[in-house]
Amino acid sequence: MSNENYLNHPNFGLLFRVCLVDEKRELFTTLYAQRLFFLVANGQDGLEFEPITRTDARILVESRMRSLRRLGQSLDYDRLHGVYKQTFQ
């Protein structure tokens, strides 16, 4: 079973979920180039897309990885670390 999540952006097409940022926001990137990043929140008027820089996206993922490591969620950490290496290195 795959834990991959996708979302269709109205202008940029298919987006791939990088990680959950917090309870209300998730980080997505364009599927093929992985150069454009979006914070996606499910607001009152539907999905809200906030574009962010690659550097800000990397910082958010690193922060999430630290949080998972502190919480002892090693399986989620390992999975996110693999996505991090694939996306940012």
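Before going into details, it helps to say that this report is about the structure given with it. Computed from a predicted structure; not experimentally measured.

1. Describing the sheet that holds strand S2 (residues 13–20)
Thinking step 1. If you walk across this open sheet you meet the five strands as S1-S2-S3-S4-S5, and the pairing is antiparallel. One side of each edge strand has no neighbouring strand; the edge strands of this open sheet are strand S1 (6–9) and strand S5 (46–52). Adjacent strand axes in the sheet meet at a mean angle of 40° when their direction is disregarded.
Thinking step 2. The sheet contact formed by strand S4 (residues 37–43) and S5 spans seven bridges and is antiparallel. Following the sheet pairing, Phe37 is matched in S5 by Ile52.
Thinking step 3. Contacting S2 and S4, helix H2 (residues 74–88) runs over the sheet at an angle of about 130° to S2.

2. Looking at the pattern of salt bridges
Thinking step 1. Counting across every chain of the model gives four salt bridges.
Thinking step 2. Put simply, Asp22 and Arg25 hold a salt bridge, and the shortest N to O gap is 3.1 Å.
Thinking step 3. Assessed through its relative accessible area of 30%, Asp22 is described here as partly exposed.

3. With respect to the side chain of His9
Thinking step 1. Here His9 lies in strand S1.
Thinking step 2. Within the structure, His9 has its side chain in polar contact with the backbone nitrogen of Asn11 (distance 2.9 Å).

4. Observations concerning the pairing of strand S3 (residues 25–30)
Side-chain direction in a regular strand flips from residue to residue, so the side chains alternate between the two faces of the sheet.
Thinking step 1. Bridging between S2 and S3 involves five bridges; their strand directions are antiparallel. Looking at S3, one finds that Phe16 is bridged to Thr29.
Thinking step 2. Here S2 hands over to S3 after four residues, the two strands then running antiparallel side by side.
Thinking step 3. Here five bridges tie S3 to S4, and the two strands are oriented antiparallel to one another. Residue pairing for S4: Leu27 is matched across the bridge by Leu39.

5. Concerning helix H1 (residues 54–71)
Thinking step 1. Here H1 spans 26 Å end to end across 18 residues, near enough to the 26 Å set by a 1.5 Å rise per residue.
Thinking step 2. Within the sequence span of H1, burial applies to Ala57, Val61, Met65, Ser67 and Leu68. Viewed along the axis of H1, the buried residues span an arc of 160°, placing them on a single side of the element. With respect to the buried face of H1, the exposed residues turned more than 90 degrees away are Arg69 and Arg70.
Thinking step 3. Buried residues belonging to H1 abut S2, S3, S4, S5 and H2.
Thinking step 4. Downstream of H1 by a residue or two, Gly72 has a phi angle that is positive, lying close to 75°.

So, how was this worked out
Residues numbered from 1 in each chain as written. Predicted model: local features only at pLDDT ≥ 70, side-chain atom pairs only at ≥ 80, totals over all residues. Heavy atoms only, no water. Pairing = 2+ DSSP bridges. Helix = DSSP H or I, 4+ residues; strand = E, 2+ residues; numbered from the N terminus. Axes fitted to C-alpha atoms, helices over the stretch in contact; angles between N-to-C directions. Contact = heavy atoms within 4.5 Å. Salt bridge = Lys/Arg side-chain N within 4 Å of Asp/Glu carboxyl O. Buried < 20%, exposed > 50% of the residue type's maximum accessible area, 1.4 Å probe, protein only. Polar contact = N/O pair within 3.5 Å; in protein donor to acceptor, adjacent residues only side chain to side chain. Expected span 1.5 Å × (residues − 1). Arc of directions from axis to C-beta.

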